[in-house]
Amino acid sequence: MPATVRALALAAVTTLSGLALAIALPAPAAAQENPAAAQAAYADMSGEALYRAACAACHGADGTGASAADVGFDIALPDFSECAFASREPDADWVAVGHEGGPTRGFDPMMPAFGDALTEAEIRRIVQYIRGFCGDADWPRGELNLPRALVTEKAYPEDEAVYTVGVSVDDPQAVSHEFVYERRFGSRNQVEVVVPFGFQERAVLAGDGTEISRDWVGGIEDIVIGLKRDVFHSFERRSIVSVAGEIKLPTGDEDDGFGTGTTVFESFLAYGQIFRNDVFLQAQGLVELPFDQDAADNEGALRLVLGRTFREGRWGRAWSPMLEVLAGRELEGGGSTDWDLVPQVQVTLNTRQHVMANAGVRIPLTDSDTRSTQLLVYVLWDWFDGGFFDGW
C-alpha cells in the first residue's frame, strides 16, 4: 500500500480509535449516571475539545502524531500538518470513514464505525479542527476537484492517469486512444503528458479513382507535454481558476492523418464553480498556435460543462451526469464554428472511489455530413489514493 494511502487509512484508524477510547474510557460519574447528559456534553464541545479529548493522545496536540513507541503501532502516525496529505480529500470522505468505519472507503475493517456513538455534526467538527493543522491556504481543498469531463480540462491540479477510447460510428470508421498522465508538484502545479494513438479506416482506390477495398492504418499521434497552475481558489466561494501552457510535438505521421506536421503551442484558462445541491459548472477557453502557419491554422475553442453529483444512499457510489457544449473554430477570417454536444455520466467504480469511468456520446451539431458521431469512454485512476486494485 502506498505511503499516502496507508497514512490516510492510519489517520482514520487512529483518529477514530482515539474517539472510541474517549467514549470507552471511564466517564465522569455524572456522565455514567446520565448518558443523555454525556451526549449533551459532546454536543456542546468544540472540534478542538473533541479532538483533544479523543485524538490528541495518539495524534498529539499539534496534530503531528505521537511516536510509534508511545502508541504501540508498528508504523508512524500521519502528520495532519502535512498539507499535501490533509488538503486533497473532501470532508465527505473523512466524515464517511468516521461515521461508517474503514470499509466504507475500502480501508481496513479494524477501523470501527462511530455513527452510533458520535453524531455526524460532531465528527465534522473534529475534521474541521484537523483541517486547521495545515496552516497554508495555498493548497486547494479537495472539494474543488470536480468530476472530469470527457473533453473539457478541469482546473484542479491532480495526480491521475486517464485512458480514453473513442469510436466513430459513421464511415469512415476510426478508433482513437489517449493516455494521460498527470502529476502534481507543489501546492498549485501540475505537469502532464498526453500520448494519443489511433486506427483509421481508409479506402483503397483503383487507378480510375474507384474504391476497390478498405484497409486500416494505425499510428501514434502528436504527443503533448503541458504545465498547469492554479492561480486562484476559494473554498468559501467554491471556485477555482487555472492557466496552462502545452506543447504539441509533431510526432504523428501527417500523411496517414495522425499529426499536424508542426509543433503547436496551446494555452488555456480553466474555471470550476460549485453551486448548491452538488451542481457544478466548468469552463475552458483555449487557443492553439502552430509554429508553421503553412502546416496548420490558428484555432480557438470554448468548452462548458454543467453537471450534478448524486450518491447511492448517504455514503455510497457517486454518479455525475454532465452535459458538455463544445465550440471550436479557426481564428482566421471566414472560418466557421463547429458545435458539439457531449452528454455523459461519470461513476465511481470502487469503494475507495479513486477509480472512475465516464461514458458519453460526442454529437456534432454542425457539419454532421463530414464530422462523425463518436462514442467516448474513459477509465480514471487517481493514483495518489492507492493502487488501481486497492479499495474495491
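Each remark here, short or long, concerns the structure printed above.
Note that the coordinates shown come from a computational prediction; the quantities given were computed from them, not determined experimentally. (Residues numbered from 1 in each chain as written. Predicted model: local features only at pLDDT ≥ 70, side-chain atom pairs only at ≥ 80, totals over all residues. Heavy atoms only, no water.)

Visitor: So what exactly am I meant to see when it comes to the overall build of the protein chain here?
Guide: Counting its secondary structure elements, the protein chain contains nine helices and 14 strands. Carbon and sulfur atoms provide 58% of the accessible area of the protein chain, an area that totals close to 18,500 Å². (Helix = DSSP H or I, 4+ residues; strand = E, 2+ residues; numbered from the N terminus. Areas by Shrake-Rupley, 256 points an atom, 1.4 Å probe, with all protein chains shown as cover.)

Visitor: Is there a simple way to explain the nonpolar core in this structure?
Guide: The tendency in soluble globular proteins is for nonpolar side chains to be buried side by side. Grouped together as the largest cluster of nonpolar side chains are 19 residues, with contacts concentrated most on Y51, F80, I126 and I130. Residue assignment for this core shows that the elements contributing at least two residues are α4 (47-54), α7 (83-86), α8 (91-100) and α9 (120-131). (Core = buried A, V, L, I, M, F, W, Y, C linked by side-chain atoms within 4.5 Å. Buried < 20%, exposed > 50% of the residue type's maximum accessible area, 1.4 Å probe, protein only.)

Visitor: What exactly am I supposed to notice about the state of the cysteines here?
Guide: As used in these notes, a disulfide is a covalent bond between sulfur atoms, one from each of two cysteines. Taken as a whole and judged by the stated rule, the model has one disulfide. A sulfur-sulfur separation of 2.0 Å characterises the disulfide bridge that pairs C83 with C134. The S-S bond linking C83 to C134 shows a torsion near 105°; that makes this disulfide right-handed. Separated by 51 residues along the polypeptide, C83 in helix α7 and C134 in the loop between α9 and β1 (160-168) bring together distant segments of the chain. In this pair, the class of C83 matches that of C134, namely buried. (Disulfide = S-S within 2.5 Å.)

Visitor: Teacher, can you tell me more about the layout of surface pockets here?
Guide: In this approach, a probe sized like a water molecule rolls over the atoms, and the result shows the empty space that is left. The calculated volume of the second largest pocket comes to roughly 1,200 Å³. For the second largest pocket, the lining is made up of 47 residues, of which P90, A92, G142, E143 and R311 are closest to its centre. Its residues placed into classes, the lining of the second largest pocket shows 19 nonpolar, nine polar and 19 charged. (1 Å grid on protein atoms, 1.4 Å probe; cavity = no way out; pocket = protein on both sides within 12 Å on 5 of 7 lines; lining within 4 Å. Points joined across faces, edges and corners; volume = space filled by probe spheres on them. Nonpolar A, V, L, I, M, F, W, Y, C, P; charged D, E, K, R; others polar.)

Visitor: What exactly am I supposed to notice about unusual backbone geometry here?
Guide: Backbone phi values are negative for most residues with the exception of glycine, while trans is the configuration of most peptide bonds. With phi around 60°, N277 is a residue other than glycine that occupies positive phi space. We note that D367 has phi near 50°; this positive angle belongs to a residue other than glycine. Residue position: D367 is located in the loop between β13 (355-364) and β14 (374-381). We classify D367 as partly exposed; its relative accessible area is 45%.

Visitor: How should I be thinking about a nonpolar patch on the surface in this particular structure?
Guide: A surface patch of nonpolar side chains, amounting to about 470 Å² of accessible area, comprises Y163, F179, Y181, V193, I225 and L249. The residue V193 is located in strand β3 (residues 189-205) in this model. Looking at V193, the relative accessible area reads 32%, which means it is partly exposed. (Patch = residues over 30% accessible without salt bridge, like charges linked within 9 Å, V, L, I, M, F, W, Y side chains within 5 Å. Salt bridge = Lys/Arg side-chain N within 4 Å of Asp/Glu carboxyl O.)

Visitor: Can you help me understand the environment of G259 in this one?
Guide: Inspection of the secondary structure assignment puts G259 in the loop between β6 (239-248) and β7 (264-274). Separated by 36 residues in sequence, G259 and I223 have C-alpha atoms that sit 9.3 Å apart. Leaving out residues up to four positions away in the same chain, G259 has contacts with D222, G252, D253 and E254. (Contact = heavy atoms within 4.5 Å.)

Visitor: Is there a simple way to think about the environment of F80 in this case?
Guide: In this fold, F80 is placed in the loop between α6 (68-71) and α7. Assessed through its relative accessible area of 0%, F80 is described here as buried. C-alpha separation for the pair F80 and D62, spaced 18 residues apart in sequence, amounts to 8.3 Å.

Visitor: When you look at the packing of aromatic side chains in this model, what are you seeing that I'm missing?
Guide: Between two aromatic rings, the relevant description is the distance of the centres plus the angle of the planes. All chains considered together, the criterion is met by 10 aromatic pairs. Pairing Y129 with F133 gives two aromatic rings, centres 5.2 Å apart and planes at 75°, and the pair type is edge-to-face. Accessibility expressed as a relative area gives 15% for F133, which makes it buried. Taken together, a centroid distance of 6.1 Å and an interplanar angle of 45° make the contact between F388 and W392 tilted. Of the residues examined, F388 reaches a relative accessible area of 28% and is grouped as partly exposed. According to the relative accessible area criterion, W392 is partly exposed, its value standing at 49%. (Phe/Tyr/Trp six-rings, centres within 6.5 Å; stacked < 30°, edge-to-face > 60°.)

Visitor: Explanation requested: the pairing of β3 in the structure shown.
Guide: In the case of a regular strand, side chains alternate between the two sheet surfaces. Direction of pairing for strand β2 (residues 174-185) relative to β3: antiparallel, over a ladder of 12 bridges. Note on β3: the bridge partner recorded for E182 is E192. The antiparallel pairing of β2 with β3 creates a hairpin that spans three residues between the two strands, and G186 there sits at a positive phi of about 70°. Note that β3 and strand β5 (residues 224-234) share six bridges and pair antiparallel. Across the sheet, V194 pairs through a bridge with V224, a residue of β5. With nine bridges joining them, β3 and strand β4 (residues 211-220) adopt antiparallel strand pairing. (Pairing = 2+ DSSP bridges.)

Visitor: What am I meant to see in the packing of α4 against α9 here?
Guide: Pairs of packed helices are described in terms of their axes, by the angle between the two and the distance that separates them. Orientation of α4 relative to α9, taken along the N-to-C sense of each, is 90°, at an axis distance of 8 Å. Looking at the two axes, α4 sits roughly perpendicular to α9. Where α4 approaches α9, its residues G47, E48, L50, Y51 and R52 are matched on the opposing element by E122, R125, I126, Y129 and I130. (Axes fitted to C-alpha atoms, helices over the stretch in contact; angles between N-to-C directions. Parallel < 35°, antiparallel > 145°, perpendicular 65-115°, else oblique.)

Visitor: I tried to follow α8 on my own but got confused; where do I start?
Guide: Note: α-helices contain 3.6 residues per turn, so residues at a spacing of three or four share the same orientation. By the criterion of burial, α8 is predominantly enclosed, with eight of the 10 residues buried. Buried within α8 are the following residues: D91, D93, W94, V95, A96, V97, G98 and H99. At the exit of α8 stands G101, carrying a positive phi of roughly 95°.

Visitor: What is the right way to look at α9 in this model?
Guide: End to end, α9 covers 16 Å across 12 residues, agreeing with the expected 16 Å (1.5 Å per residue, within 8%). Those residues of α9 not exposed but buried are E122, I123, I126, V127, I130 and R131. (Expected span 1.5 Å × (residues − 1).)

Visitor: For this particular structure, what's the right way to read the side chain of Q284?
Guide: Here Q284 is to be found in strand β8 (residues 279-290). According to the relative accessible area criterion, Q284 is buried, its value standing at 1%. One polar contact links the side chain of Q284 to the main-chain amide nitrogen of E153, over a distance of 3.0 Å. Not counting residues within four places of it along the chain, the set of residues in contact with Q284 comprises V151, T152, E153, F268, L269, A270, A301, L302 and R303. (Polar contact = N/O pair within 3.5 Å; in protein donor to acceptor, adjacent residues only side chain to side chain.)

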